[in-house]
Protein chains: 2
Amino acid sequence: MTTRIVEVRQNVLRKNDLLARELRRRFDAAGTFVVSLVSSPGSGKTTLLEGTLCALARTARVAALVGDLATTRDADRLARSGAPVRQITTGTVCHLDASMVESALADWDVGGLDFLFVENVGNLVCPSSYDLGEHLRVVLLSVTEGEDKPLKYPTIFNTADMAVITKTDLARAAAFDETEALRNINEVRPGLPVVQVSARTGEGFEAWVRELWVARGRALTSPLC
Amino acid sequence: MTTRIVEVRQNVLRKNDLLARELRRRFDAAGTFVVSLVSSPGSGKTTLLEGTLCALARTARVAALVGDLATTRDADRLARSGAPVRQITTGTVCHLDASMVESALADWDVGGLDFLFVENVGNLVCPSSYDLGEHLRVVLLSVTEGEDKPLKYPTIFNTADMAVITKTDLARAAAFDETEALRNINEVRPGLPVVQVSARTGEGFEAWVRELWVARGRALTSPLC
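Computed from a predicted structure; not experimentally measured. (Residues numbered from 1 in each chain as written. Chains lettered and ligands numbered in written order. Predicted model: local features only at pLDDT ≥ 70, side-chain atom pairs only at ≥ 80, totals over all residues. Heavy atoms only, no water.)

Caption draft 1: Just the sheet that holds strand S5 (residues 136–142) of chain B, in detail. Residues and elements named next belong to chain B. Reading across the sheet, the seven strands line up as S3-S2-S4-S1-S5-S6-S7 and stay open at both edges, with parallel pairing between neighbours. Since the sheet does not close on itself, it has two edges, and those belong to strand S3 (85–89) and strand S7 (194–196), each with one partner. Strand-to-strand twist across the sheet, computed as the mean angle between neighbouring axes with direction ignored, equals 20°. Bridge count for strand S1 (residues 33–38) against S5 is four bridges, and the pairing is parallel. Bridged to Ser36 within S5 is Arg137. Here helix H8 (residues 205–219) sits on the sheet in contact with S1, strand S4 (115–119), S5, strand S6 (162–166) and S7, set at roughly 130° to S1. (Pairing = 2+ DSSP bridges. Helix = DSSP H or I, 4+ residues; strand = E, 2+ residues; numbered from the N terminus. Axes fitted to C-alpha atoms, helices over the stretch in contact; angles between N-to-C directions. Contact = heavy atoms within 4.5 Å.)

Caption draft 2: Inspection of the interface of chain B and chain A at higher detail. At the junction of the two partners, chain B supplies 41 residues and chain A supplies 41 residues. Between chain B and chain A the total buried area reaches about 3400 Å² when both faces are included, carbon and sulfur atoms providing 59% of it. Together, B:Pro41, B:Arg73 and B:Lys152 form the three largest contributors to the area buried by chain B at its contact with chain A, with a combined 17%. For the interface between chain B and chain A, the tally reads five salt bridges. A salt bridge links A:Arg73 to B:Glu180, with the shortest nitrogen-to-oxygen separation between them at 3.5 Å. (Buried area = accessible area lost by both parts, 1.4 Å probe. Salt bridge = Lys/Arg side-chain N within 4 Å of Asp/Glu carboxyl O.)

Caption draft 3: Region of the structure containing the packing of aromatic side chains. Tallying each qualifying case throughout the model produces six aromatic pairs over all chains. With centroids separated by 6.0 Å and ring planes inclined at 10°, the aromatic side chains of A:Phe115 and A:Phe117 adopt a geometry described as stacked. Each member of the pair, A:Phe115 together with A:Phe117, is buried. Where B:Phe33 meets B:Phe115, the ring centres are 5.9 Å apart and the plane angle is 80°; that geometry is what we call edge-to-face. Linking B:Phe33 in strand S1 with B:Phe115 in strand S4, this pair joins segments that are 82 residues apart in sequence. Ring-pair connections join several aromatic residues into one group, and the members of that group are A:Phe33, A:Phe115, A:Phe117 and A:Trp213. The ring of A:Trp108 carries the charged tip of A:Arg86 above its face, separated from the ring centre by 4.6 Å. Looking at A:Arg216, its charged tip hangs above the ring of A:Phe115, at a distance of 5.6 Å from the centre. (Phe/Tyr/Trp six-rings, centres within 6.5 Å; stacked < 30°, edge-to-face > 60°. Buried < 20%, exposed > 50% of the residue type's maximum accessible area, 1.4 Å probe, protein only. Lys NZ or Arg CZ within 6 Å of the ring centre and 35° of its normal.)

Caption draft 4: How the structure looks around the nonpolar core. In terms of nonpolar packing, the biggest core is built from 50 residues, with A:Val139 and B:Val139 touching the most fellow members. Mapped by element, the contributors of at least two residues to this core are strand S5 (136–142), helix H6 (154–158), strand S6 (162–166) and helix H7 (178–188) of chain A together with S5, helix H6 (154–158), S6 and helix H7 (178–188) of chain B. Those residues within four positions of A:Val139 in sequence are excluded, and the remaining contacts are A:Val38, A:Leu124, A:Ile156, A:Phe157, A:Ala160, A:Met162, A:Ala163 and A:Val164. Membership of the second largest hydrophobic core comes to 30 residues, among which are B:Leu53, B:Phe117, B:Leu136 and B:Met162. (Core = buried A, V, L, I, M, F, W, Y, C linked by side-chain atoms within 4.5 Å.)

Caption draft 5: Expanded view of the state of the cysteines. Inspection of every chain in the model, using the stated rule, returns zero disulfides over all chains. With no disulfide partner, A:Cys126 has as its closest neighbouring cysteine sulfur the one in A:Cys94, 3.0 Å distant. (Disulfide = S-S within 2.5 Å.)

Caption draft 6: Looking closely at the side chain of B:Glu147. Of note, B:Glu147 is situated in the loop between S5 and helix H5 (149–152). No salt bridge forms around the buried B:Glu147; measuring N to O, its nearest opposite-charge neighbour A:Arg73 is 6.9 Å away. Here the side chain of B:Glu147 touches B:Asp177 through a polar contact of 2.7 Å, landing on its backbone nitrogen. Residues within four places of B:Glu147 in sequence aside, it is in contact with B:Ala175, B:Phe176, B:Asp177, B:Glu180, B:Ala181 and B:Asn184. (Lys, Arg positive; Asp, Glu negative; His and termini not counted. Polar contact = N/O pair within 3.5 Å; in protein donor to acceptor, adjacent residues only side chain to side chain.)

Next up, the structure:
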């Protein structure tokens, strides 16, 4: 039984990887930089995204896909930014996959977008295996979750391209040990860029948005020139 | 392909359910009350468990199994309480299942225990489908995660027998809306008992321990008389 599951799983992952590669090719051609956000439930993905859409919308064309098991709350929240937002409701599935992203984009012309954000289901385990065709995978860690999370959920940190430490305004109240958190991230994924933000106070937000532009520039031959 | 996965998955769940039922029979016969803890990563399962083991150890025989993808940090922390603790390391698996619990207990005589705690992998999605043979499934929600989590992860709240709101000492700093959180829990699972605790200040801890004894009494014909 176990062998059979592993085989089925490997086929699923292979199929997903092929589709993700095809999606990435499409995004590249369109000049759309795709950023996915992964974290535990409640680490602040939607709140970070709310601020990010507002900040970027001044100078760029942005949109977002948001995954959840149930409700369209996140899409409703994000739509207030004025950016086009679509909800992917997964039912009982613990992660997004490339085919969900493809379906959500089926009748959507991403060609006009500079940034497309994909917010995954809140889960530090399952999303790590599924390439969504994104250029940049960002893992969030809030200061209230504990500094040991990178060590306990190494795979998701290993597959990420950037880490964002969120809710820094609560750092003191939560007795957050920044040095230990950074050491643990670096132990699991040496050299992973880390940005620290408080979406509530705005601290670190400029640096985060700057990093997005830098990463975009690195990934794409600018489609604007 | 999708159909085949669903079939394999249903077989796995059926097999798990049968084993879980057998485990529960064993626990019943031994008078061991089994409590599982589920939540997001970083909601405070280990911290709650640390305090609980200490509080109960004065008057009861307690032990714990702790699940994690990697590291034995949680087991190391909990072992300081003096209670027997075993770590289940799942690798890349996003939840515990009944066979992992059975293996961990293989050479362990649970007959002498009043309480056995099983701390699941931090995940609000996957653990919901797997019966571990526990009598009481407790879902944790920390005040920093957002009041909407019950609505967005309904299955795990639906399969729980009790909810614990944790980190209440951070409620003000996190602008936690207690009324909304309770309303959302009640919307997803009407009548679910809710306890609120701060493991840091000790607030609510007595009520939580009392609830454990009450639930134990309700589930087991006392093996002590």
